[in-house]
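Spelled out from the first residue to the last, the chains are:
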Amino acid sequence: MSKCVIILSHSNYRKTFAGTEKFIAEIQKLYNDTGIHVLQAFPVKAINKYLKKYLGFKGNYLGMHLDGKYIGLYLQEKLPEALKYIQDKLKLEYIGVSINHLLLWNTDDLADSLLRIGLPINIIVHDYYMVCPYINNEGQSINENDKTIHVPDDVKCEGCIHLEKGKEYATTINSFFDKVDSLVERVIFPSESIKGAWCSIYERFNKRATIRPHLTYSSYKKNKSVGSVLKVAYLGNVIPIKGIEEWRMLTEKGKSDHVSYYYFGKMIDEQVGSVVDKVYVGMKDGRLIPMADELKRNKIDVAFLWSKCQETYCYTLFEAVEAGCFIVTLKGSGNIEDFVNENRCGKVFDDIESLIQSIHDDSFYDIVKTYYNDCFVIKDVSQNNELESLMFDTKKSIPDSIDSIGPSKLLSKVYEKAVVRY
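Residues numbered from 1 in each chain as written. Predicted model: local features only at pLDDT ≥ 70, side-chain atom pairs only at ≥ 80, totals over all residues. Heavy atoms only, no water.

## Section: the layout of surface pockets
Once rolled over the atoms, a probe with the size of a water molecule shows which space is left empty.
Step number 1: In this structure, the second largest pocket encloses a volume near 580 Å³.
Step number 2: What lines the second largest pocket is a set of 19 residues, among which Leu103, Leu104, Trp105, Asn106 and Tyr169 lie closest to the centre.
Step number 3: Broken down by secondary-structure element, the contributors of at least two residues to the lining of the second largest pocket are helix 2 (45-55) and helix 6 (163-180).
Step number 4: Taken together, the residues that form the lining of the second largest pocket break down as 9 nonpolar, 5 polar and 5 charged. (1 Å grid on protein atoms, 1.4 Å probe; cavity = no way out; pocket = protein on both sides within 12 Å on 5 of 7 lines; lining within 4 Å. Points joined across faces, edges and corners; volume = space filled by probe spheres on them. Helix = DSSP H or I, 4+ residues; strand = E, 2+ residues; numbered from the N terminus. Nonpolar A, V, L, I, M, F, W, Y, C, P; charged D, E, K, R; others polar.)

Here is the structure:
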C-alpha cells in the first residue's frame, strides 16, 4: 500500500495558474518526491451547473487527479465511497486530508463525508473566502469601508449587495467547522498578516495555527542605476480588485517625461491603460515564461501592485522584488504593505491621487532614484520544501464498512474530451 494525501480545492489546478493552484502543483511534487501520492478533488463547476439547469439534477460531481493525472468524475455526495474505490483499485493508504478551498463545495455534505472517513485534517488558508466568499466581488463594501476582515454583518457590511448571502455563508461555514473541529490538526497560513486576521475571527484555531511561507529566499542590497525615464509596470490579472481602474487612471492622468508604462501578463488583448507597452507572461508553447525574467529583461524599475484587498501572500510581489523592482502599493493591501514596510522596498500610498501628484511634481522620480542607491533585492527564490507542517500526526484509515463506488463513465469521458488536454 502506498501512502496518499487527499487535497480538496475549488478548481482544476492543471488548467488554472493562480496562487492556490501553483501551491497545489508545488506540494504535489514535494509529496511525490518523498514517495507520497496526491489525490486532488475539485467541483466541476460547468458540468454541475449544466446538470442542475437543464436536467434538474441535484447532485454535484468532483473531478479527481492522482499525481496530476485525471482519473474521472465522482459524485460529491458519495465522496467516501469514491475514495474507497480509488483506494482499493490503486492500493493506496490515505494519511490525511488537506483542505485548500471550500468554494463551490456543499459543506454540509462534505462535513458528513469527512466525519465518515475519519481522517485527520489540515486546513491551508490561501485567502479570506472562508470568512466571506464575496469579499473581493464587485458590489461589496467590506474593504472599501475600513480595510478590515470580519464576519458579514448588517453594520460593518452596510451597502454590500451580497450581505444576506454572506451572512448565510458565515452560518454555513461555522457549522462546517463545528462538525469537523475534532479532526483538524493544524491550520497553515502563508504569512503573519493573514494568520492574525483569520484567527481573530476563528479563534478556535489559534493554538493550531502555524505559518509556512510558500517561498524561501535570501536577500541583499545592491546599487542600481536609473535612467531619465522610469519604467512602471502593472503585473498580472486585469481585474478591479487588483487595481486596474486606478492603473488606467494613472496612465491617463499621470503622464510625465520621467515615466513610461508597461503591462506584464496574459491579458495583452485587454485595454490596460493609455499608451502602455505590453509584454506577454504565461504559458507559451508548453513552457512557462517567468515574470521575474521578463521584468529583468525589460529593465522595469517600478511594479504597480495596487491590490484593493488584503493580500495573504502574493506571488507576484516576490517576482517583482526578485527582479529588483521598487514596489508601489495601496494602504490596506495586506502582505504587500507589510512586506514593503518591513523591507523598505517601495512606497505605500493612501490613494491613487497621491501617486499621480508625486509623479507630476517629480518627487516620485526622486524617491525611486534615491532608493536604487541601496535597493533591496531577493535572490535564490524557490518553493518552500519544508514538508513536516504539511504532514499528519494521527494515524487513521477509512473504515472497511464504507462501500466502493466508481466514477461516472459517461461524464468522465465528456470532461476528458472537453477539458483534459494535459
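## Thoughts on helix 7 (residues 192-201)
Step number 1: Taken residue by residue, helix 7 has Ser193, Ile194, Ala197, Trp198, Cys199 and Ile201 as its buried positions.
Step number 2: Where the residues of helix 7 are buried, they touch helix 6, strand 7 (184-189), strand 8 (209-211) and helix 11 (335-343). (Buried < 20%, exposed > 50% of the residue type's maximum accessible area, 1.4 Å probe, protein only. Contact = heavy atoms within 4.5 Å.)

## Description of the environment of histidine 126
Step number 1: For histidine 126, the position within the fold is in the loop between strand 6 (121-124) and helix 5 (142-146).
Step number 2: The buried category is assigned to histidine 126, whose relative accessible area is 9%.
Step number 3: As for histidine 126 and alanine 292, which are separated by 166 residues in sequence, their C-alpha atoms are 22 Å apart.
Step number 4: Not counting residues within four places of it along the chain, the set of residues in contact with histidine 126 comprises Thr20, Phe23, Asn100, Ile194, His214 and Thr312.

## Some details on the packing of helix 8 (residues 244-253) against helix 12 (residues 352-360)
Step number 1: Here helix 8 crosses helix 12 at 25°, and the two axes come no closer than 10 Å. By the criterion of interaxial angle, the relationship of helix 8 to helix 12 is roughly parallel. Considering the relative orientation of helix 8 and helix 12, their crossing is right-handed. Side by side, helix 8 and helix 12 meet where Glu246, Met249, Leu250 and Lys253 of the first sit next to Ile352, Glu353, Leu355, Ile356, Ile359 and His360 of the second.
Step number 2: Looking at the contact of helix 8 with helix 12 residue by residue, the classes come out as 6 nonpolar, 1 polar and 3 charged. (Axes fitted to C-alpha atoms, helices over the stretch in contact; angles between N-to-C directions. Parallel < 35°, antiparallel > 145°, perpendicular 65-115°, else oblique. Left-handed = near helix turned anticlockwise from the far one by under 90°.)

## Points about the packing of aromatic side chains
Step number 1: All chains considered together, the criterion is met by 28 aromatic pairs.
Step number 2: With a centroid separation of 5.5 Å and an interplanar angle of 65°, the aromatic rings of phenylalanine 189 and tryptophan 198 are classed as edge-to-face.
Step number 3: Judged by relative accessible area, which is 0%, tryptophan 198 ranks as buried.
Step number 4: Ring pairing ties together the aromatic residues Tyr234, Trp247, Tyr261, Tyr263, Phe304, Trp306, Phe326, Phe349, Phe364, Tyr371 and Tyr372, which thus form one cluster.
Step number 5: It is lysine 347 that lies over the ring of phenylalanine 349; its NZ or CZ is 5.3 Å from the centre. (Phe/Tyr/Trp six-rings, centres within 6.5 Å; stacked < 30°, edge-to-face > 60°. Lys NZ or Arg CZ within 6 Å of the ring centre and 35° of its normal.)

## Some words on the pattern of salt bridges
Step number 1: Per the stated rule, a full pass over the model turns up 17 salt bridges.
Step number 2: The salt bridge involving lysine 29 is made with aspartate 33; its shortest N-O contact spans 3.1 Å. On the criterion of helical spacing, the pair formed by lysine 29 and aspartate 33 is a turn pair, its members being 4 residues apart in helix 1 (residues 19-33).
Step number 3: Under the relative-accessibility criterion, lysine 29 is labelled partly exposed at 49%.
Step number 4: A residue is classified by how much of its surface remains accessible, and aspartate 33, at 56% relative accessible area, is exposed.
Step number 5: Here arginine 212 and glutamate 386 are joined by a salt bridge, their closest N and O atoms 3.1 Å apart. Taken as a pair, arginine 212 in the loop between strand 8 and strand 9 (215-222) and glutamate 386 in the loop between strand 18 (375-383) and helix 14 (409-418) lie far apart in primary sequence, 174 residues in all.
Step number 6: Within this structure, Asp178, Asp181, Arg204 and Arg208 form a network of salt bridges that share partners. (Salt bridge = Lys/Arg side-chain N within 4 Å of Asp/Glu carboxyl O.)

## Details of the confidence of the model for the chain
Step number 1: Of the residues in the chain, 95% reach a pLDDT of 70 or more, and the chain-wide mean stands at 89.
Step number 2: Here residues 139-146 is modelled with pLDDT under 50, and outside its nearest four sequence neighbours on either side it reaches 27 contacts, counting other chains as well. (pLDDT = per-residue confidence, 0-100.)

## Structural notes on the side chain of glutamate 246
Step number 1: One can find glutamate 246 in helix 8.
Step number 2: Once you skip the residues sitting within four places of it in the chain, glutamate 246 turns out to touch Phe304, Trp306, Lys308 and Ile352.

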